[in-house]
Amino acid sequence: MPHNLLNVITLVSVGAHPVTGRARRAEQDARAVELGLRLAGKELQLLHAGDPQVEALRAYLGMGLAEMTVLQQPPRADVVPALGDYLRDAGAQLVLTGSQAEVGEGSGMLPYLLAEQLDWPLVVGLAEVESVTEGVAQVLQALPRGQRRRLQVRLPFVASVDNAAPEARQSAFGPARRGQLRPQDVAVVEDMLLEEARLQPARPRPKRLKVIKAKTGAERMKAATAKASAGGQVLTDMTPEQGAEAIVTLLRDEKVLR
Amino acid sequence: MTDSLRRDPRSEWIARNRLHPLHASMQPLEASWVGPSGLIRKNPHVLGFAGPNGLKRIDRSGAQQGGSRQRARVDAAVQLPLHIIEQPAFHIVVVPDMVGGRLSSHDKDLFGLANTLAGSEGAVVAVVFGEHKESAFDTAGIDRLLHISSEAVAGYSPEQRVMMLRAVDAQLAPRHWLIPDSRTGGGELGRRLAAKLGERPATRVWQMADGQCIGRAGAGQQDLARTAPRLVLAAAECADPVGDTRHEVRAIELEDVLVHGAARLDNRGAVAVDPALTPMAEAEFILSGGNGVRDWDLFHQAARELGATEGASRVAVDDGFMPRDRQVGATGTWVTARVYLAVGISGAVQHLQGIATCDKVVAINQDAGCDMVKRADLAVIGDSTAILQALIDRVDALRQGGIRDAA
């Protein structure tokens with residue numbers, strides 16, 4: 001890989017298992033680490049802001065990294081200023097994050113705020129770094145439905161990854177135990193949001209009902225008895241060529257035939 | 001056509017003239033009358049109307065009168081009342097996604113929410129970037145339309161768009177910004193704007209009322225309830241779309257537009273992706289094979305030729321023709337394709353559940369009476385091998401022709 005000179009920092013967080021709620025490595029952050037490992041190999045730096053005692057952080061080290069920097073922050077602190085200050089002096093060319101946290105507010109604002117604070121460009125949904133030449137990276141951005149868009153962006157930049165990034169490798173137990181968590185003392189900024197907001201178990205959202213705004217009985221009857229969709233067109237007794245022609249016409253109308 | 005009933009002197013004259021050949025047909029048919037013995041007689045044939053299924057329906061609300069056939073009115077399109085805001089007290093700005101140049105259902109939900117927030121004093125402003133094909137802005141609930149069609153904001157240009165939106169913020173000072181929290185652009189644009197304005201947004205909001213909002217937090221296991229901030233990224237179905245008013249869609253202009261600074265993200269366009277690697281759950285176009293496929297090599301060739309992601313029914317997977325992860329249906333993958341082309345699939349209930357959200361379903365089948373043909377928007381009855389071969393030839397010819405046209 002030609003990216004060995006790239007200086008990459010991946011920001012990681014503590015996730016929560018979707019069923020049991022136990023602390024684990026966050027899914028998207030692990031993908032960001034995987035992408036970082038492909039770009040920078042063993043030179044990849046991991047950065048976490050929070051409690052260095054959390055065992056789940058070691059799962060990232062188990063992906064093949066020797067150490068991780070932890071900016072010591074209490075729970076419910078605003079980590080963006082601390083991360084921004086650290087990254088400004090760290091000399092990173094690429095900062096990778098997941099797109100949203102699995103616990104807490106999970107607003108997905110962190111990469112945007114960091115990019116704004118550092119005044120770096122931001123790539124949302126990074127899927128792959130194709131090449132880096134003379135300080136300009138050519139990257140692929142993931143779009144819905146598996147589509148990709150090619151972007152050119154000047155280093156250094158912040159990138160968030162989502163589920164289109166390469167799947168994370170397994171975490172090995174031995175390296176995870178041997179890895180070093182290096183805590184650093186930094187200034188703490190209190191987050192005022194949870195003073196007034198409260199977290200509560202997610203309520204299932206009501207299903208939207210079909211509202212019938214009929215004024216007369218006839219309209220109500222029509223709405224109640226009409227089928228959602230009338231059957232489509234059925235072509236019988238055709239040659240295969242005529243059938244194929246009809247299908248191709250539909251595919252071209254729907255613009256799926258490229 | 002006006003709704004007013006008009007006199008027809010000629011038919012009135014025919015109705016008076018008992019010697020006229022059309023006299024009988026001009027007589028109003030009585031639905032009920034008192035018979036010679038004093039009993040009430042009824043003629044059920046003149047009552048009612050044909051329902052949507054062809055069954056006769058009788059409306060007993062009194063709105064319909066028997067024997068009024070000559071006076072059948074043509075139902076004109078109902079004109080909804082126009083909602084006019086002359087001097088808005090405040091603005092609610094919505095930035096719709098406009099996927100494919102049209103308002104999506106997510107956008108319409110946001111306009112519904114914006115209208116409840118605006119009430120009768122505020123104005124709902126829509127900021128639309130680039131070209132659009134939408135013609136129903138009025139019934140979606142848009143009081144003011146700010147259409148920015150400058151060169152700089154065409155295509156994928158989040159940084160320039162955020163600059164424009166910051167100018168909008170300075171000009172209108174909206175009470176709320178509402179942006180769809182979607183993967184099709186709104187989520188990114190809204191968060192960029194929040195970072196630029198220094199506002200702390202509420203994200204994935206699904207309920208907003210009385211100055212409070214509730215949104216999903218974390219990985220969706222928790223809700224965050226808080227006072228509604230100025231910038232809200234709302235989820236789909238956060239409110240009901242506007243349905244019973246028309247709005248005036250008055251165009252407004254952006255004063256002092258200045259786009260400065262070169263774009264730091266350079267868009268190099270879409271990249272061709274291999275459809276075989278697209279996850280089936282989010283593939284746009286799926287070619288799915290079932291028990292009726294005889295020649296699987298031809299099926300794979302057709303998928304390559306059409307550029308479709310391959311799927312299969314349970315029978316095809318159980319018989320070993322396709323891998324298990326390609327199974328579509330209740331026990332396999334629930335797909336969301338826009339176009340689903342089913343070859344030789346009869347349409348078991350479990351399979352039809354799996355394709356429930358597909359927009360267009362095309363079926364190729366031997367049996368015209370099977371459930372898949374009933375579900376399909378287009379069904380071609382015939383031998384699957386012959387039709388697949390014809391399809392490959394046709395697409396091949398099209399591709400060749402396209403290359404020749406380009407050259």
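Every chain begins its residue count from 1, and numbering advances along the sequence as written. Chain letters and ligand numbers both follow the written order, the letters beginning at A and the numbers at 1. The model is predicted, so local features are restricted to residues of pLDDT at least 70 and side-chain atom pairs to those at 80 or more, both for listing and for counting; the totals for chains, interfaces and linings are taken over all residues. Water and hydrogen atoms play no part in the side-chain values, which are based on all heavy atoms of the structure.

### Focus on the overall build of chain B
Then comes step 1: Across its full length, chain B holds 10 helices and 21 strands.
Then comes step 2: On C-alpha atoms alone, chain B measures out to a radius of gyration of 30 Å, which is more than a quarter above the 22 Å that the 2.2 N^0.38 rule sets for 407 residues.
Then comes step 3: Reported as C-alpha extents along the three principal axes, the dimensions of chain B are approximately 90 × 70 × 55 Å.
Then comes step 4: A simple rule labels every residue: compare its accessible area, found with a 1.4 Å probe on the protein chains alone, to the largest value its type can have, and call it buried under 20%, exposed over 50%, or partly exposed in between. Each of the 407 residues in chain B was classed as buried or not, and the buried ones make up 45%.
Then comes step 5: Sequence-distant contacts, at least 24 apart, represent 58% of the contacts inside chain B between residues at least 6 apart.
Then comes step 6: All accessible-area figures derive from a Shrake-Rupley calculation using a 1.4 Å probe, and residue coverage is judged against the displayed protein chains alone. Element-wise, carbon and sulfur atoms account for 51% of the exposed surface of chain B, whose accessible area totals about 20,900 Å².
Then comes step 7: Just so you know, the count uses Lys and Arg for positive and Asp and Glu for negative, and it drops His and the chain ends. We put the charge of a Lys on NZ, of an Arg on CZ, of an Asp on CG and of a Glu on CD. Considering chain B, the positive charge centre built from 45 side chains and the negative charge centre built from 49 side chains are found 7 Å apart. Under the scheme used here, helices are H or I runs from DSSP no shorter than 4 residues and strands are E runs no shorter than 2 residues, and both carry numbers assigned from the N terminus. Radius of gyration here uses only the C-alpha atoms, and the compact-globule reference equals 2.2 Å multiplied by the residue count raised to the power 0.38. What makes two residues a contact is simply this: any of their non-hydrogen atoms within 4.5 Å.

### Section: the packing of aromatic side chains
Then comes step 1: Paired rings are identified among Phe, Tyr and Trp, the last through its six-membered ring, by centres lying within 6.5 Å, and are further divided according to the angle between planes into stacked (under 30 degrees), edge-to-face (over 60) and tilted (the rest). In this structure the tally under the stated criterion is 2 aromatic pairs over all chains.
Then comes step 2: Their ring planes at 15° and their centres at 5.2 Å tell us that B:Trp296 and B:Phe321 sit as a pair that is stacked. Within this pair, whereas B:Trp296 is found in helix α6 (residues 296-306), its partner B:Phe321 is found in the loop between α7 (314-318) and β19 (339-343), the two being separated by 25 residues in sequence.
Then comes step 3: Each member of the aromatic cluster is reached from another via a ring pair, and the members are B:Trp296, B:Phe299 and B:Phe321.
Then comes step 4: We call a charge positioned over a ring when the NZ of a Lys or the CZ of an Arg lies within 6 Å of the ring centre and within 35 degrees of the ring normal. Positioned above the aromatic ring of B:Tyr156 is the side chain of A:Arg149, whose terminal nitrogen or guanidinium carbon lies 4.0 Å from the ring centre.
Then comes step 5: Seen from the ring of B:Phe90, B:Arg175 lies directly overhead, with NZ or CZ sitting 3.7 Å from the centre.

### Topic: the interface of chain A and chain B
Then comes step 1: The partner chain B presents 86 residues to the 79 residues of chain A that form the contact.
Then comes step 2: Each partner contributes to the roughly 7,100 Å² buried at the junction of chain A and chain B, and carbon and sulfur atoms together form 55% of this total.
Then comes step 3: Each of two parts loses accessible area, computed with a 1.4 Å probe, when they are put together; buried area is these two losses added. Among the residues of chain A in contact with chain B, A:Arg145, A:Arg205 and A:Arg208 are the three that bury the most area, contributing 11% of the side total.
Then comes step 4: Only one rule defines a salt bridge in this text: a Lys or Arg side-chain nitrogen within 4 Å of an Asp or Glu carboxyl oxygen. Between the two partners, chain A and chain B, sit 10 salt bridges.

### Some remarks on empty space enclosed by the protein
Then comes step 1: For each structure, a 1 Å grid was placed over the protein atoms alone; sets of points admitting a 1.4 Å probe that cannot get out are labelled cavities, open sets with protein on both sides within 12 Å along at least five of seven lines are labelled pockets, and lining residues have an atom within 4 Å of a point. Grid points are joined across faces, edges and corners, and a volume is the space filled by probe spheres set on the points. For the coordinates displayed, the defined rule picks out 1 cavity of 30 Å³ or more.
Then comes step 2: Quantified by volume, the largest cavity comes out at close to 60 Å³.
Then comes step 3: Contributing to the lining of the largest cavity are A:Glu105, B:Pro201, B:Ala202, B:Thr203, B:Val205, B:Gly215, B:Arg216, B:Leu224 and B:Arg226.
Then comes step 4: Breaking the lining of the largest cavity down by element, the ones donating at least two residues are β10 (202-209), β11 (212-217) and β12 (222-227) of chain B.
Then comes step 5: Broken down by element, the residue count for the lining of the largest cavity peaks at 3 residues, all from β10(B).

### With respect to the environment of A:Gly41
Residue and element names in this part refer to chain A.
Then comes step 1: Here Gly41 lies in the loop between α1 (27-40) and β4 (45-50).
Then comes step 2: What makes Gly41 partly exposed here is its relative accessible area of 24%.
Then comes step 3: In sequence terms Gly41 and Pro156 are 115 residues apart; their C-alpha atoms lie 18 Å from each other.
Then comes step 4: Ignoring sequence-local partners within four residues, the contact set of Gly41 consists of Gly36 and Leu65.

### Here we look at the pattern of salt bridges
Residue and element names in this part refer to chain B.
Then comes step 1: Applying the stated criterion across every chain yields a total of 33 salt bridges over all chains.
Then comes step 2: Measuring nitrogen to oxygen at the nearest pair gives 3.2 Å for the salt bridge that ties Glu248 to Arg250.
Then comes step 3: The salt bridge involving Asp266 is made with Arg268; its shortest N-O contact spans 3.0 Å.
Then comes step 4: Taking relative accessible area as the criterion, Asp266 reaches 33% and is therefore assigned partly exposed.

### Quick notes on the sheet that holds strand β1 (residues 8-11) of chain A
Residue and element names in this part refer to chain A.
Then comes step 1: Being paired, for any two strands, means DSSP has found at least two bridges between them. Taken together, 7 strands build an open sheet; the order of strands is β7-β11-β6-β1-β4-β5-β12 and the sheet is parallel. Pairing within the sheet leaves two strands with one partner each, and these edge strands are β7 (122-124) and β12 (180-185). Taken over all neighbouring pairs, the strand axes of this sheet differ in orientation by 25° on average, direction set aside.
Then comes step 2: Taken together, the 3 bridges between β1 and β4 define a ladder with parallel strand orientation. Interaxial angle, 0 to 180 degrees, is taken between N-to-C directions of lines fitted to C-alpha atoms, where a helix line uses only the stretch in contact.

### Overview of the pairing of strand β13 (residues 231-234) of chain B
All names here are of chain B.
Then comes step 1: Residues of β13 alternate between two faces, with Leu231 and Leu233 on one and Val232 and Ala234 on the opposite face, all of them buried.
Then comes step 2: One ladder, built from 4 bridges, connects strand β9 (residues 176-180) with β13; its direction is parallel. Note on β13: the bridge partner recorded for Trp177 is Leu231.
Then comes step 3: Here 2 bridges tie β10 to β13, and the two strands are oriented parallel to one another. Residue pairing for β13: Val205 is matched across the bridge by Ala234.

### Looking at the packing of helix α4 (residues 158-172) of chain B against helix α5 (residues 186-197) of chain B
How two helices pack is summed up by the angle between their axes together with the distance between the axes.
All names here are of chain B.
Then comes step 1: Put simply, α4 and α5 touch, their axes get as near as 10 Å, and they point 55° apart. The angle between the axes of α4 and α5 places the two elements in the oblique class. The two elements α4 and α5 cross, and the hand of that crossing is right-handed. Contacts from Pro158, Glu159, Arg161, Val162, Met163, Leu165, Arg166 and Asp169 of α4 reach α5 at Glu188, Leu189, Arg192, Leu193, Lys196 and Leu197.
Then comes step 2: Only Asp, Glu, Lys and Arg are considered charged, only Ala, Val, Leu, Ile, Met, Phe, Trp, Tyr, Cys and Pro nonpolar, and every remaining residue, Gly among them, polar. Residues belonging to the contact of α4 with α5 are distributed by class as follows: 7 nonpolar, no polar and 7 charged. Every angle not falling under 35 degrees, over 145, or within 65 to 115 is termed oblique; those three ranges are roughly parallel, roughly antiparallel and roughly perpendicular. By the definition used in this description, the sense in which the near helix is turned from the far one sets the handedness, with an anticlockwise turn below a right angle giving left-handed and a clockwise turn giving right-handed.

### Overview of the sheet that holds strand β10 (residues 148-154) of chain A
Adjacent strands of a sheet pair through backbone hydrogen bonds, lying either parallel or antiparallel.
Then comes step 1: Strand order in the open sheet formed by 4 strands is β8(A)-β9(A)-β10(A)-β16(B), with antiparallel pairing between adjacent strands. Edge positions in the sheet fall to β8 (126-133) of chain A together with β16 (265-271) of chain B, since each of these pairs with one other strand and no more. Sheet twist, expressed as the mean angle between neighbouring strand axes with direction ignored, is 20°.
Then comes step 2: Where β8(A) meets strand β9 (residues 136-142) of chain A, 6 bridges bridge the pair, whose relative direction is antiparallel. Note on β9(A): the bridge partner recorded for A:Val129 is A:Val139.

### Regarding α6(B)
Then comes step 1: Where α6(B) is concerned, the buried positions are B:Trp296, B:Leu298, B:Phe299, B:Ala302, B:Ala303, B:Glu305 and B:Leu306.
Then comes step 2: One side-chain oxygen at the N-terminal end of α6(B) lies 3.3 Å from the backbone nitrogen of B:Asp297; it belongs to B:Asp295. Residues adjacent in sequence count toward polar contacts only when both atoms are side-chain atoms; beyond that, a polar contact is any pair of N or O atoms within 3.5 Å, and within protein one must be able to donate a hydrogen and the other to accept it.

### Things to note about the domain arrangement of chain B
Then comes step 1: Boundaries between domains were set according to an automatic or database domain assignment. When its domains are assigned, chain B resolves into domain 1 (9-71), domain 2 (82-251) and domain 3 (275-406).
Then comes step 2: Inter-centroid distance (C-alpha atoms) of domain 2 of chain B to domain 3 of chain B is 38 Å.

### Examining the confidence of the model for chain A
Then comes step 1: pLDDT runs from 0 to 100 and stands for how confident the predictor is about each residue. The predicted model of chain A averages 89 in pLDDT, with 96% of residues at 70 or higher.
Then comes step 2: When mean pLDDT is compared element by element in chain A, β1(A) scores highest at 96, while helix α7 (residues 217-225) of chain A scores lowest at 79.

### A few points about the nonpolar core
Then comes step 1: Formed by 43 residues in total, the largest nonpolar core has its most connected members in B:Val127 and B:Phe129.
Then comes step 2: Setting aside chain neighbours within four positions, we find B:Val127 in contact with B:Val93, B:Val94, B:Val95, B:Pro96, B:Leu146, B:Ile148, B:Leu165 and B:Val168.
Then comes step 3: By nonpolar core we mean a set of buried residues, namely Ala, Val, Leu, Ile, Met, Phe, Trp, Tyr and Cys, connected to one another through side-chain atoms within 4.5 Å. Residues A:Val8, A:Leu35, A:Ala56 and A:Ala168 belong to the second largest nonpolar core, which totals 40 residues.

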